[in-house]
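# Coordinate inspection notes
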Amino acid sequence: MSGNTRRRTGALIAPYSIWALLFIAVPLFFVAYYAFTDNSFGFTFGNIARFFTETSRETGSRIYIDIFMRSLKLAVISTAICLLLGYPLAYFMTRASAKAQKIMMVLIMIPMWMNFLIRTYAWMTILQDTGILNGILSGLGLGKMHIIGTESAVVVGMVYDYFPYMVLPIYSIMAKMDYKLIEAARDLGCNGAQVLRRVIIPLSIPGILNGVTMVLIPSISTFYISQKLGNGRFFLIGDAIEGQYVANNLHFAAAMAFILMVILLVAMALIKYLTGRGKYGEGAKA
Amino acid sequence: MSKELIRLKDVSMQFEGETVLDNINLYFNDKEFLTLLGPSGCGKTTTLRIVGGFLVPTSGDVFFDGVRINDVPPHKRQVNTVFQKYALFPHLNVYDNIAFGLNIKKVPKDEIKTRVHEMLEIINLRGFEHRSVTSLSGGQQQRVAIARALVNNPKVLLLDEPLGALDMRLRKDMQQELKRIQREMEITFIYVTHDQEEALAMSDTVVVMDGGRIQQIGTPEDIYNEPKNAFVADFIGESNIVDGIMREDGVVEIFNRKFRCLDKGFAPNEAVDVVIRPDDVDIVPEKDGQLKGTVTQVTFKGVQYDIIVDFYGFKWLIQTTDFCPEGSKIGIKIDPDGFHVMKKSHYSGMFGDYSSYSEEYDEISENESEEEE
């Protein structure tokens, strides 16, 4: 009986298992395999070590560590901006009428229907020294701003591109939240700020976590945005990987990808562990 | 019953042009157990939410201890609510749920601890402090919800169908429990339910509502024995309601036959509604009966039989311990105190005929859950 159902379940998930094996497990295996081998496919830690040790001839600083830290900084800034803008937006969306919610949802989604590259090109024309933004600024007599090619431009691009991935998971968690909980908090003496701090934010942590993950990971590994909006002036870790790959340096490219992946996995596991503790009463203070 | 605590004066409520409450005038006494009773959509939950501060009435005033509180938000009222589906905070354990209100008020930690433990004692959940609220049974969650409200020492506790999600047996236990807590803590309970049995069993005062209006206010006995109109008579317990004519004080005519009754004060020959409760009817041999009819349906209910009897085309429900087989002809006698005469209202003719009687109707109306607004 149960063996039978198990076999049937097995048959049903088989296509997905094969798909996952082919497109997730096998590529990951190859990334790891290339990371730990040299050009003649002999085992080596050399590629991994190179990431941590290679120094610049001019400044003496560690090249790849610097690149990684810069990527991390820009990604964290972008994620933080997405969260600061996205959380209130998600909150107001859940408070709006059903019709307004639908409209806002569509407005957030529309940019996602356009190709990512095209959106980035659009930002180039906006941010250029002779672009739309500077046209408006000088039209208003405010003088020009040099944005393109700065870190700010890269952050703007990242925030714009990944913003929906922050708003949607938070919105979906908040929309499911029982409104009676908010009434209960008010009934028990909370003013608006206290309701937010003691009930709404703690209960929306799973959404925040999803949003942060979905923004942080693509923005830490992006290379296109930094090339187009940063004028290629600062190398991010994605650019470094792409550069090595294009230069046919597959083993070092794989090593960097591998390191990035491990760091992200550890970071996500840590965040999940820290926020998961104390949730639903377990392990909370006595 | 002591002094008046809350008063609703000419309170009306409209949602998108639809009148949900129509000119409600009602006062709540201190330390009273008052129940707002009525079917879905009668306005009882809306009334409760106005007292709780979650809704501001479209017109009319709310007074608390003589002070107008229309615009006072919920967190500034000396009122706490037990919500329909408990609304416990899933991210907090039992202790932190109960301590929530005290933490907000910045009560010293030691005092919070003492008071929470006192509450756990009262609700019989000692040792459950660190349990997650999502791991509790419905009855336990219910009790935590009550403790979370009561620990704040409110003057008034509002309860919105708090037992609706519990099974029958647990509900009976919790009724006793709530009544005990209300007596021990000496506070006002305002209780909303659509379950008339629950209302009669627990309340000092019952307010029967329908269509956004108060139909009757009284003690459970008043409401049951002296219903004001056909709606109340039908909603509270089972009632046979027939058209009658009040011939003179103490004499009512139904089915063209005169009966002695105790009611008086009607105009001579005034058309009235006459209520006869199913258990106020004595079954006698056909030849001795004041009225004669045919049994058309028999249902065994445990304590008694519910039988449907056809009198001249009008079907009555009679509850009797004597078995009368289907198809048998019986006579009935009704004592003068078995009649209750009511003035005609717009509810006349809508209730009290058991022609379409089916046990299933009871089941449906009992399980129906209330979702207003």
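Residues numbered from 1 in each chain as written. Chains lettered and ligands numbered in written order. Predicted model: local features only at pLDDT ≥ 70, side-chain atom pairs only at ≥ 80, totals over all residues. Heavy atoms only, no water.

Residues and elements named next belong to chain B. Side chains Val79 and Thr81 of strand β6 (residues 79-82) all project onto a buried face; the interleaved residues Asn80 and Val82 project onto the opposite face, where all are buried too. Judged from the 4 bridges that link them, β6 and strand β7 (residues 156-160) form a sheet pairing that is parallel. Bridge pairing in β7 places Val79 opposite Val156. (Buried < 20%, exposed > 50% of the residue type's maximum accessible area, 1.4 Å probe, protein only. Helix = DSSP H or I, 4+ residues; strand = E, 2+ residues; numbered from the N terminus. Pairing = 2+ DSSP bridges.)

Consider a sheet: its strands pair through backbone hydrogen bonds, and that pairing is either parallel or antiparallel. Residues and elements named next belong to chain B. Pairing is antiparallel in the open sheet, where 5 strands are placed in the order β15-β19-β16-β17-β18. Edge positions in the open sheet fall to β15 (281-284) and β18 (314-320), since each of these has one partner strand only. On average, adjacent strands in this sheet sit at an angle of 45° to one another, irrespective of strand direction. The pairing of strand β16 (residues 291-300) with strand β19 (residues 329-334) spans 4 bridges and is classified as antiparallel. Each bridged residue has a counterpart across the sheet, and for Lys292 the counterpart in β19 is Gly331. (Axes fitted to C-alpha atoms, helices over the stretch in contact; angles between N-to-C directions.)

With 26 residues of chain B at the contact, the number on the chain A side is 21 residues. With both sides pooled, the region where chain B packs onto chain A buries about 2,300 Å², and carbon together with sulfur makes up 60% of that total. Between the two partners, chain B and chain A, sit 6 residue pairs in polar contact (both at pLDDT 80 or more). Among the elements of the structure, β6, α2 (94-104) and α4 (138-150) of chain B are those that each provide at least two residues to the side of chain B that touches chain A. With 5 residues, α2 of chain B is the single largest residue contributor to the side of chain B that touches chain A. For the side of chain B that touches chain A, the residue count by class is 12 nonpolar, 10 polar and 4 charged. (Contact = heavy atoms within 4.5 Å. Buried area = accessible area lost by both parts, 1.4 Å probe. Polar contact = N/O pair within 3.5 Å; in protein donor to acceptor, adjacent residues only side chain to side chain. Nonpolar A, V, L, I, M, F, W, Y, C, P; charged D, E, K, R; others polar.)

Our focus in this paragraph is the packing of helix α5 (residues 116-127) of chain A against helix α7 (residues 151-176) of chain A. Each pair of packed helices can be described by the angle between their axes along with the distance between the axes. Residue and element names in this part refer to chain A. Packing of α5 against α7 leaves a shortest axis separation of 11 Å and a crossing angle of 140°. Put simply, α5 runs oblique to α7. With respect to the hand of their crossing, α5 and α7 are arranged in right-handed fashion. Contact with α5, carried on its side by Phe116, Arg119, Thr120, Trp123 and Leu127, involves Ala153, Val156, Tyr160, Asp161 and Tyr162 of α7 and no other residues of that element. Broken down by class, the residue content of the contact of α5 with α7 amounts to 7 nonpolar, 1 polar and 2 charged. (Parallel < 35°, antiparallel > 145°, perpendicular 65-115°, else oblique. Left-handed = near helix turned anticlockwise from the far one by under 90°.)

What follows concerns the packing of aromatic side chains. Residues and elements named next belong to chain A. Summed over the entire model, instances satisfying the criterion amount to 32 aromatic pairs over all chains. Relative to Phe43, the ring of Phe36 has its centre 6.3 Å away and its plane inclined at 5°; by these criteria the two rings are stacked. Judged by relative accessible area, which is 61%, Phe43 ranks as exposed. Three or more aromatic residues link up through ring pairs in this structure, and these residues are Phe29, Phe30, Tyr33, Tyr34 and Phe41. We note Arg50 situated over the ring of Phe252; from NZ or CZ to the ring centre the distance is 3.9 Å. (Phe/Tyr/Trp six-rings, centres within 6.5 Å; stacked < 30°, edge-to-face > 60°. Lys NZ or Arg CZ within 6 Å of the ring centre and 35° of its normal.)

With that settled, the discussion passes to empty space enclosed by the protein. Inspection of the entire model under this criterion finds 2 cavities of 30 Å³ or more. The space that makes up the largest cavity amounts to roughly 70 Å³. As for the largest cavity, its lining consists of Lys180 of chain A together with Thr45, Leu48, Arg49, Phe54, Thr81, Phe83, Leu158 and Asp160 of chain B. Elements supplying a minimum of two residues to the lining of the largest cavity: α1 (44-52) and β7 of chain B. In terms of residue count, α1 of chain B provides more of the lining of the largest cavity than any other element does, 3 residues in total. Across the lining of the largest cavity, the residue classes break down as 4 nonpolar, 2 polar and 3 charged. (1 Å grid on protein atoms, 1.4 Å probe; cavity = no way out; pocket = protein on both sides within 12 Å on 5 of 7 lines; lining within 4 Å. Points joined across faces, edges and corners; volume = space filled by probe spheres on them.)

Further remarks concern the domain arrangement of chain B. All names here are of chain B. By the assigned domains, chain B splits into domain 1 (4-225) and domain 2 (230-352). Placing a centre on the C-alpha atoms of domain 1 and another on those of domain 2 gives a separation of 38 Å. Tallying the contact residues gives 14 residues for domain 1 and 9 residues for domain 2. Overall, the association of domain 1 and domain 2 removes approximately 1,000 Å² of surface from exposure, summing both partners, and the carbon and sulfur fraction of that is 65%. On the domain 1 side of the contact with domain 2, Gln196, Gln215 and Tyr224 bury the most area, a combined 45% of that side's loss. (Domains from an automatic or database assignment.)

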